[in-house]
Amino acid sequence: MCGIYLDHQSCCPVDPRVEEFARHFSGKDFGNPSALHSRGLTAKAALEEARARVAELIGAESPESIIFTGGATQANNLAIRGAALRNAAKGKKLLASQIEHISVLNPHKDLKKGGFELNLIPVDSSGQIDLSSLERLADKETVLTSIMYANGEIGTVQPIGEASEIIHEKGQLLHVDGTAAAGKIALDVQKDGIDLFTLSSNDIYGPQGAGALYVRPGVRIQPVLFGGGQERGLLPGTENIYALAGFGEAARLARLEMAGESMRLQTIRDALIKEILKIDEARLTGHPSQRLPHHASFRFSRIEGESILLTMDAMFNIQVSTGSACSSRTLEPSHVLLAIGLRHEEAHGSMIMTLGRQNSMDQVPAIVSATEKTVERLRALSPL
Amino acid sequence: MAQVGYSKKVMDHFMNPRNVGVIEAPDGYGKVGNPVCGDLMEIFIKVKEDKVEDIKFRTFGCGSAIAVSSMVTEMAKGKSLEEAMKITRKDVADELDGLPSQKMHCSNLGADALHAAIEDYWVKTGKIRPEDAKHKQGQEGEEGESCGI
C-alpha cells in the first residue's frame, strides 16, 4: 500500500517536471558557468535563467539581488554574519524572534560570543511576535533583526510588514527567513520591506542543496566564505548548476501554481484540523487563522510525540513530524513550543502534518482514523 | 553499516508491547521518570515463592521507553527477585539489540522501574527498611541524573 506523506516541511519530493528540466544539466549540458567557452556559456545562461525565476517568485527588484547558496542554512548564515559584521561599526546589537529556525539562532548566538549582544523577541501563545517588544528592543545600537516569515513547526505567519516599518523607521536591517513560507503564500520582498530574505529550493519542490539569499539593492553585507568570486563574491565556489537550474524551474512552477494549490491544500488542512480536534484533549498549536495553508499542528495530552510518529509510520504508513524532545538529537524539547508557553510535558505530545502536492481530500478519513487509533493506543499504554 | 534508527527488536516491542496493563493490589509497585522529561514508567509485580510470578507495565514516553519497559517485563517474568535485581540497564539494551546512544540514559529506565517495584515489595514484607531502598518512587532512575531542566 502506498503511504501518505505529511512531512513536507522537512523534505519535499522533487517535482518530476523539475527533475526532467534539471537533468540535462547533470548530463549533456554540463559546464562551469565561469568558463568562457560554449559549454561554460550554456551553464551560465541556465544559472541566470534560474536567478530570474527565483527573483520573480519573491518580487525582487532584479535577478542581481539573488545570491545562490547551498541551501537555507548557508543563506541564513550569510545574511546574519554578513550583515552584522559588515555593519558592526554602526552598533553591536542583534535581535531575533524566539522561534527562529536553529540555522538563524545559532549564527546569532555565535556572533554573541564574538562581542555582539543578542536579544530575543518574545512571541504570544499563537506564535506571533510581540511588536511592542520589538519597538522597545530595537534601540539605536541594533543593526540587524531576524524574523521568520512563517514558522515550520506551528505554521504561524508573522506580521512582517508591521515589523519592517518599525525596523526601517530606525534605519536598521531586517532579515527574513522565508524557507517555510516560499511557494505557499504570495511573497513580495519590496512591498514587505525586507532587506535580506532566505529561500530554500527543496521547500518548493526543487532539488536539495540549493537555496538563495535575496539582498536588497544598496544593502551591504560581507562574505563568510572566501574563494573565486562567484555570486558577487558573497558565496564563492563553483555553482551546483543541476540543483540551481532545478530551483529556478521549481520557482517558476510555484509562481504559476501557488494560488490554486494553496487554496486546495488549505481546504484539506481545514478538514484535517476540524476532525482531529474532535479527539479528546487534542489542541491546535500555532495561530488559528494566520497560518501557512498546508500546515496543521497539534498536541495531545498524556502521550509522547516520537511514539506518535513511529506508530503513524509503522502501523498506518503515514509520515508526520513532531517537536518532541525525544525525537531530537539534543533531547531538548522544541524551543518553539516552549516559547509559545507550553510546559515541557505539553510540548512532548506534539504532532505536525504538512501537506503537499500529492495529498488529496480523499486521504482525510484515513489520516484522521489513523490519528485517532494512534492516540488511543498510546493512551492505553500511558500511566498518565 | 551503522545502524539507522531503532533495531527490529525495539520496533517489535514498541509495536507489540508485552505485559501491558495494571495488576490490582500488586505485591510491588515501581514508578520512575518524570513526564516533564518525557518518560514515565510504572511496573507492577505479583510475587510467589520469591519469584516474579506476574508483571505488568504502563509507560508514557518515546519508542525506546516503551520497548525497554516491555523487554524488561519479559526478562524479569519467572525470575527470582534476587536475579531480577541483577538485570541492568545495559542488559535490557543488549537484549533489544542496542539503543541509539542518546537514548541510553533518558529512556532506558525499565530496569530502574523493575528494581523499584522489587524494593517496594521488600519494604512491605520487612526485608529492607524504607530508607535502604535505592530507588525512590517517582524519582529519576539514577541519583543526580536529570533531563537537563
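Note: the structure precedes this text.
Report on the accompanying structure.

Parameters and conventions
- Residues numbered from 1 in each chain as written.
- Chains lettered and ligands numbered in written order.
- Predicted model: local features only at pLDDT ≥ 70, side-chain atom pairs only at ≥ 80, totals over all residues.
- Heavy atoms only, no water.
- Helix = DSSP H or I, 4+ residues; strand = E, 2+ residues; numbered from the N terminus.
- Buried < 20%, exposed > 50% of the residue type's maximum accessible area, 1.4 Å probe, protein only.
- Contact = heavy atoms within 4.5 Å.
- Areas by Shrake-Rupley, 256 points an atom, 1.4 Å probe, with all protein chains shown as cover.
- Buried area = accessible area lost by both parts, 1.4 Å probe.
- Salt bridge = Lys/Arg side-chain N within 4 Å of Asp/Glu carboxyl O.
- Polar contact = N/O pair within 3.5 Å; in protein donor to acceptor, adjacent residues only side chain to side chain.
- Nonpolar A, V, L, I, M, F, W, Y, C, P; charged D, E, K, R; others polar.
- Phe/Tyr/Trp six-rings, centres within 6.5 Å; stacked < 30°, edge-to-face > 60°.
- Pairing = 2+ DSSP bridges.
- Axes fitted to C-alpha atoms, helices over the stretch in contact; angles between N-to-C directions.
- Core = buried A, V, L, I, M, F, W, Y, C linked by side-chain atoms within 4.5 Å.
- Parallel < 35°, antiparallel > 145°, perpendicular 65-115°, else oblique.

1. Overview of the overall build of chain B
At step 1: Along chain B, the regular secondary structure elements total six helices and three strands.
At step 2: In sequence order, chain B lays out its α and β elements as α-β-β-β-α-α-α-α-α.
At step 3: Counting across all 149 residues of chain B, residues that qualify as buried make up 50%.
At step 4: If you take every contact in chain B between residues at least 6 apart in sequence, the share linking residues at least 24 apart comes to 60%.
At step 5: For chain B, the accessible area works out to roughly 6,900 Å², and carbon and sulfur atoms hold 51% of it.

2. Details of the interface of chain B and chain A
At step 1: Taken together, the contacts link 25 residues of chain B with 23 residues of chain A.
At step 2: Around 2,000 Å² of area is buried between chain B and chain A when both sides are counted, 68% of it from carbon and sulfur atoms.
At step 3: For the chain B face of the interface with chain A, the top three residues by lost area are F14, M15 and F60 of chain B, together amounting to 28%.
At step 4: Scanning the region where chain B abuts chain A turns up one salt bridge.
At step 5: For the interface between chain B and chain A, the tally reads nine residue pairs in polar contact (both at pLDDT 80 or more).
At step 6: Breaking the side of chain B that touches chain A down by element, the ones donating at least two residues are α1 (8-15), β2 (39-48), β3 (51-60), α2 (63-76) and α5 (103-106) of chain B.
At step 7: Top contributing element to the side of chain B that touches chain A by residue count: β3 of chain B, with four residues.
At step 8: Its residues assigned to classes, the side of chain B that touches chain A shows 16 nonpolar, six polar and three charged.

3. Considerations on the packing of aromatic side chains
At step 1: A complete count under the given rule lists five aromatic pairs over all chains for this structure.
At step 2: Measuring from ring centre to ring centre gives 6.4 Å for Y149 of chain A and F197 of chain A, while their planes differ by 80°; the resulting arrangement is edge-to-face. You can see Y149 of chain A sitting in the loop between β5 (142-146) and α6 (160-169) and its partner F197 of chain A sitting in strand β7 (residues 196-200), a full 48 residues away along the chain.
At step 3: You can call Y149 of chain A buried: its relative accessible area is 9%.
At step 4: Aromatic side chains Y29 of chain B and F44 of chain B sit 5.1 Å apart centroid to centroid with 50° between the ring planes, which places their arrangement in the tilted category.

4. Observations regarding α1 of chain B
At step 1: Residues V10, H13, F14 and M15 of chain B constitute the buried set of α1 of chain B.
At step 2: Residues of α1 of chain B that are buried make contact with α8 (305-316) and α11 (364-381) of chain A together with α2 of chain B.

5. Structural notes on the environment of I166 of chain A
At step 1: Secondary-structure assignment places I166 of chain A in helix α6.
At step 2: Separated by 30 residues in sequence, I166 of chain A and R136 of chain A have C-alpha atoms that sit 9.9 Å apart.

6. Side note on the pattern of salt bridges
All names here are of chain A.
At step 1: One pass over the full model with this rule turns up 35 salt bridges over all chains.
At step 2: For K274, the salt bridge identified is with E275, shortest N-O distance 4.0 Å.
At step 3: A single salt-bridge network, built from bridges that share partners, covers D15, R17, E257 and R357.

7. A short note on the sheet that holds strand β1 (residues 28-34) of chain B
Hydrogen bonds along the backbone pair up the strands of a sheet, which may run parallel or antiparallel.
All names here are of chain B.
At step 1: The three strands are arranged β1-β2-β3 in an open sheet whose pairing can be described as antiparallel. Each having just a single partner strand, β1 and β3 make up the two edges of the open sheet. Here the average twist between neighbouring strands, direction ignored, is 15°.
At step 2: As paired elements, β1 and β2 share seven bridges and run antiparallel to each other. Bridging across to β2, G30 finds its partner in I43.
At step 3: Relative to the sheet, helix α6 (residues 110-124) contacts β1, β2 and β3, its axis offset from that of β1 by approximately 140°.

8. A closer look at the nonpolar core
Within soluble globular proteins, side chains that are nonpolar generally end up buried alongside one another.
Residue and element names in this part refer to chain A.
At step 1: Ranked by internal contacts, the top residues of the largest apolar core, which has 68 residues, are F300 and M353.
At step 2: Contacts of F300, omitting those with residues within four sequence positions, involve I276, I279, E281, A282, I308, G349, M351, T371, V375 and R379.
At step 3: The next biggest cluster of nonpolar side chains, apart from the first, holds 61 residues, and it includes A50, F68, I99 and V176.

9. What to know about the packing of α8 of chain A against α2 of chain B
Pairs of packed helices are described in terms of their axes, by the angle between the two and the distance that separates them.
At step 1: The interhelical angle for the contact between α8 of chain A and α2 of chain B, taken along N-to-C directions, is 85°, at an axis separation of 7 Å. On the basis of the axis angle, α8 of chain A is roughly perpendicular to α2 of chain B. The segment α8 of chain A lies against α2 of chain B, with E306, S307 and L310 of chain A engaging G63, S64 and I66 of chain B.
At step 2: In terms of residue class, the contact of α8 of chain A with α2 of chain B is built from two nonpolar, three polar and one charged.

10. Here's the deal with the sheet that holds strand β12 (residues 350-354) of chain A
Residue and element names in this part refer to chain A.
At step 1: Pairing in this open sheet of three strands is antiparallel, and the strands run β9-β10-β12 from one edge to the other. In this open sheet, the two edge strands, each paired with only one partner strand, are β9 (282-284) and β12. For this sheet, the mean inter-axis angle between neighbouring strands, taken without regard to orientation, is 25°.
At step 2: Judged from the five bridges that link them, strand β10 (residues 295-300) and β12 form a sheet pairing that is antiparallel. Opposite S297, over in β12, you have I352 as the bridge partner.

11. Some details on the pairing of strand β2 (residues 66-69) of chain A
The side chains of a regular strand alternate, first on one face of the sheet and then on the other.
All names here are of chain A.
At step 1: In β2, alternate side chains face the same way, and those of I66 and F68 on one face and I67 and T69 on the other are all buried.
At step 2: Looking at chain direction, β2 and strand β8 (residues 211-215) are connected through four bridges and run antiparallel. Directly across from F68, in β8, lies its bridge partner A212.

12. Side note on the packing of α8 of chain A against α1 of chain B
At step 1: Where α8 of chain A meets α1 of chain B, the axes come as close as 11 Å, and the angle between the chain directions of the two elements is 95°. Taken as axis vectors, α8 of chain A and α1 of chain B run roughly perpendicular relative to one another. In this structure, α8 of chain A uses S307, L310, T311, A314 and M315 of chain A to contact α1 of chain B, whose residues at the interface are M11, F14 and M15 of chain B.
At step 2: Of the residues belonging to the contact of α8 of chain A with α1 of chain B, the class tally is six nonpolar, two polar and no charged.

13. Points about the environment of G59 of chain A
Residues and elements named next belong to chain A.
At step 1: The residue G59 is located in the loop between α2 (38-57) and β2 in this model.
At step 2: Expressed as a C-alpha distance, the spacing of G59 and I279, which sit 220 residues apart in the sequence, is 42 Å.
At step 3: With near-sequence residues (within four places) excluded, G59 lies in contact with L187, D188, V189 and Q190.

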